[in-house]
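The chain contents come next:
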Amino acid sequence: MITLTPDPLDRERFPIDEWALSETSYDADSAGLTETLFAIGNGYLGMRGGPEEGYGWHANGTYINGFHDTWAIRHAEEAYAFARVGQTIVNVPDSKLIKLYVDDEPLIVGEAECVHYERILDFRNGTLQRDIEWRTPSGKHVSITSRRMVSFTDRHLAILEYEVTMLDQDASVLLSSQILNRQDWVDEYAASADAQPVDDPRKAAAFSERVLQPRFKRADGSRFILGYRASNSGMTIACGVDHRLTTDNDWTESSQIEDDLAKQVYAVHAEAGKSIKLVKVISYHTTNSVPTRELADRCERTLDRIESRPLEDAFTAQRDWLDAFWARSDVEVPGHAAQQQAIRWNLFQLAQATARTDGGGIAAKGVTGSGYGGHYFWDTEIYVLPFLTYTSPDVARNALRFRHGMLPAARERAAELNQRGALFPWRTINGLEAGAYYAAGTAQYHIDADVSHALSQYVSATGDEDFLIRDGAIDILVETARMWADLGFWREDGTRSFHVHGVTGPDEYTTVVNDNLFTNVMARANLRAAVRRTRGLMQRDPDAFRAMASRLHLHEDEIVEWSEAAESMYIGYDEDLGIHPQDSQFLEKELWDLENTPPSKYPLLLHFHPLVIYRFQVIKQADVVLALLLQGDEFGGDVKRRDFEYYDALTTGDSTLSASTQSIVAAEVGYRDLALQYFNSALFVDLSDLHHNASDGVHVASAGGVWNALVFGFGGMRDYLGTFTIDPRLPEEWESLTFRVTLLGARLRVRTESSSVTLTIEEGASAKVSVCGREVEVFAGRPIRVPLLVDDSPTFEGAPSTSDIEGALRPDGSVITATMPMITERYDETDTPPLAE
């Protein structure tokens, strides 16, 4: 675990503001990080936070969710049913580019003498603003302000305002506003773009040939549209830009349009004190196959609509949308301004990653970067969907509709792997499995149970039975249950039990194992959900059940089989250690000595071959501990603590998915200080670049985990089978915690203090919850304060370590010891061999 100071940010550069992230100086060396931190987006369209002028950027990306090209995955040694089609998000034409020249001197922010510099990502207005005073090489002072917005209310719209004012002397000012296809035409300022390491699996695959084929270009006055078709996927895109220049200065204009560049140039005789304001109204439209000419017409309509009304209306609509978002989503920690700022930054990132996906997926980096190739993983269902389900259920529904749309491809994938039912891809954009390394990818069959879990959670929290029945989402439960029933098998060993072999759990440092605990526990819940929902439908609406059964060729004996498999699912338990083995052979391995592993060797995946890692008890991310959270009602309190202590000691934290889960379970089992440390690690994972790859984009699942840690961890909320309970574990340092959740259409505000919980209905009629075992029904206009009894449950100091495990005995009598692989430096041919000295 990474140990943090209470406030790990440089507050001279990033001052505390509970409703914004601001920067007071520009640092070219950290451009990749700040491009991510100051990115703006709406779930469909995203623009990284590089300077408008286009110089000195790290990865000046503009991304559209799901817009990708494909490529053939070439395996050194082929095998049947290996993933065949790679998919990578495309850096779409860059429309935010405005180059500024004063007396022919370009503004290069990283090199310029800036008398004043500030930029602000405003969480309430949804804008990125920048204010610079530049002293030119000739001594003239220039004010440059900009305001950038990607609209939450119009998913295809972005607006960029750019204002220049000569402060003390007249000058010749030139503004060159451009659309540049950076994907295929890397301009002369992109020196750092190719300096990316190629051996980090977290980064996107690079394209080797032209990706965007020009199909359309149009110039009409100061309006430009460029259209392209992706070479292999066939997806199409159009980008349109309209310009408005306002100034009392004399000016002229010129324009240019090519396949990969559209340019509108304004030459201004700028007088001191007279501002020059350029507005770029931007529209992107994409589809799987519609001709670019049609997309160009859609761009025209978007631009025409914005042109027909005051521009400020778009910014007002943005503020109104965010007011509503914060009203239902904000989490408040009074008296802790640094943490409050970081909490809101993470929640704002969730909005930017999800709000206007509108039936698309939620990528691991949202639309802030190309990390993980723009793919969708199981992270969405487990880490992001809870936030959406309880704060923005319509967005959660859209995300689940996207998974439902993948069902035909999932059925085909299951058949490829000789299984009945459906198997969702571990990583994908278009529904096809894109994970080339099957051991840590395709073998993660638990994704079926993760999708089922998210669907069941959504329906229980919203009561949206129509989504299951009318929209056919129940098909997900049926087809995933079929997969588990077919994948597993029965064994008789005194008792009859159901086993699942040859799978990988969430922990990617342990692969292709038998009876992975997380997989079995989640598969059991998946099977039970399918039984519960199909039998419930049979009783409530026989006609709907018959229609569903006919569509899916479902018979009663299948439902009986699911029930028997669920209730007989093998859940391993080691009596000697008093814990659940992560899998059937995990405890037979030697412990990896994490306490003596040099910090320079983390993450392990970048320094050790997978086979080396697989031989040890060492964990990349929460596996058993995640099961303790998601299916916590299946585990007793004492065994939860023992499980947590054992597996926490073995967890490297090499995955950003881990800290939030460990925080939640640590709080529950009594490690209160440790829970807060893990929470801070998740909270600042991107803001402080704790994993050294924030330049690739925001870790969206970790941002979702921050909300989970607040609500499920310190707020103590649980939602097992539609029963909503609250059992707070407030950190001693916090005076209170306030969060909102929407339960069956009613928005409930929960304020937790050390001695009480206050429940208030903010919207809707009523809600039922259980607070520390006391059943409560809250009605609109009648808040309820529930006193909390003195918490006499044991608490524990410090953190579990491998030293706590060493010396214990295995069932065969052998002593558990901690070791680590020998660390040697790679041999360099230029070195003198030792024996030759």
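Residues numbered from 1 in each chain as written. Predicted model: local features only at pLDDT ≥ 70, side-chain atom pairs only at ≥ 80, totals over all residues. Heavy atoms only, no water.

A. Broad picture of the side chain of His-285. Along the chain, the position of His-285 falls in strand E19 (residues 275-287). A polar contact of 3.4 Å, which involves the side chain of His-285, links it to the side chain of His-156. Each residue touching His-285, except ones within four places of it in the same chain, is listed here: Tyr-44, His-156, Thr-236, Ile-237, Ala-238, Leu-295, Arg-298, Cys-299 and Thr-302. (Helix = DSSP H or I, 4+ residues; strand = E, 2+ residues; numbered from the N terminus. Polar contact = N/O pair within 3.5 Å; in protein donor to acceptor, adjacent residues only side chain to side chain. Contact = heavy atoms within 4.5 Å.)

B. Highlighting the sheet that holds strand E31 (residues 784-787). Strand order in the open sheet formed by four strands is E26-E27-E28-E31, and the pairing between neighbours is antiparallel. Each of the sheet's edge strands pairs with one partner strand only, and the pair in question is strand E26 (736-743) and E31. Strand-to-strand twist of the sheet, defined as the mean angle between neighbouring strand axes without regard to direction, takes the value 20 degrees. With four bridges connecting them, strand E28 (residues 756-763) and E31 associate as antiparallel partners. When the sheet's bridge partners are listed, Ser-756 is paired in E31 with Pro-787. (Pairing = 2+ DSSP bridges. Axes fitted to C-alpha atoms, helices over the stretch in contact; angles between N-to-C directions.)

C. Broad picture of helix H16 (residues 637-648). The terminal C-alpha atoms of H16, which comprises 12 residues, lie 16 Å apart, in line with the 16 Å expected from a rise of 1.5 Å per residue. Taken together, the buried residues of H16 touch strand E22 (590-592), strand E23 (616-617), helix H15 (624-630), helix H17 (658-669), helix H18 (672-683) and helix H20 (802-805). (Expected span 1.5 Å × (residues − 1).)

D. Spatial organisation of the pattern of salt bridges. Applying the stated rule across the entire model yields 63 salt bridges. Ionic pairing is found between Arg-155 and Asp-358, a salt bridge with its closest N-O pair at 3.3 Å. Pair noted here: Arg-155 is in the loop between strand E11 (141-150) and strand E12 (157-166) and Asp-358 is in the loop between helix H4 (337-354) and helix H5 (379-391), with a separation of 203 residues, a long-range link. Across the pair Asp-304 and Arg-223 runs a salt bridge, and its minimum N-O distance is 2.8 Å. A residue pair is termed long-range when its members are at least 10 positions apart, and Asp-304 in helix H2 (residues 292-307) and Arg-223 in strand E15 (residues 223-230) qualify at 81 residues. Taken together, the shared-partner salt bridges connect Arg-218, Arg-223, Asp-242, Asp-297, Glu-300, Asp-304 and Glu-307 into one network. (Salt bridge = Lys/Arg side-chain N within 4 Å of Asp/Glu carboxyl O.)

E. Just the nonpolar core, in detail. Membership of the largest hydrophobic core comes to 198 residues, with the highest contact counts inside it found for Trp-562, Tyr-646, Tyr-647, Phe-679, Leu-710 and Leu-759. Setting aside anything within four residues of it in sequence, one finds Leu-759 in contact with Ile-726, Leu-748, Arg-749, Val-750, Val-769, Val-771, Val-776, Val-778, Pro-783 and Ile-784. (Core = buried A, V, L, I, M, F, W, Y, C linked by side-chain atoms within 4.5 Å. Buried < 20%, exposed > 50% of the residue type's maximum accessible area, 1.4 Å probe, protein only.)

F. A look at the sheet that holds strand E1 (residues 20-23). Judged by pairing direction, the sheet is antiparallel, and its nine strands sit side by side in the order E1-E9-E10-E11-E12-E19-E16-E15-E14 without closing on themselves. The open sheet has two free edges, formed respectively by E1 and strand E14 (212-220), since each of these has just one partner strand. Strand-to-strand, the axes of this sheet are offset by a mean angle of 15 degrees, without reference to chain direction. For E15 and strand E16 (residues 236-247), the ladder comprises six bridges, and the chain directions are antiparallel. If you follow Gly-227 over to E16, its bridge partner there is Ala-238.

G. Fine view of a negative patch on the surface. Taken together, the side chains of Asp-486, Asp-557, Glu-561 and Glu-564 present a region of like negative charge at the surface. With three residues, helix H13 (residues 556-567) is the largest single contributor of residues to the negative patch. Mapped onto the elements of the fold, Asp-486 is located in helix H10 (residues 474-487). (Patch = residues over 30% accessible without salt bridge, like charges linked within 9 Å, V, L, I, M, F, W, Y side chains within 5 Å. Areas by Shrake-Rupley, 256 points an atom, 1.4 Å probe, with all protein chains shown as cover. Lys, Arg positive; Asp, Glu negative; His and termini not counted. Charge placed at Lys NZ, Arg CZ, Asp CG, Glu CD.)

H. Layout of the environment of Glu-258. Mapped onto the secondary structure, Glu-258 falls in the loop between strand E17 (250-257) and strand E18 (261-270). You can call Glu-258 partly exposed: its relative accessible area is 33%. Excluding its chain neighbours within four sequence positions, the residues that come into contact with Glu-258 are Lys-217 and Leu-226.

I. Quick look at the state of the cysteines. Under the counting rule described, the total for this entry stands at zero disulfides. Here Cys-239 is not disulfide-linked; the sulfur of Cys-299 is the nearest cysteine sulfur, at 6.7 Å. Assessed through its relative accessible area of 1%, Cys-239 is described here as buried. Note on Cys-299: relative accessible area 0%, which makes it buried. (Disulfide = S-S within 2.5 Å.)

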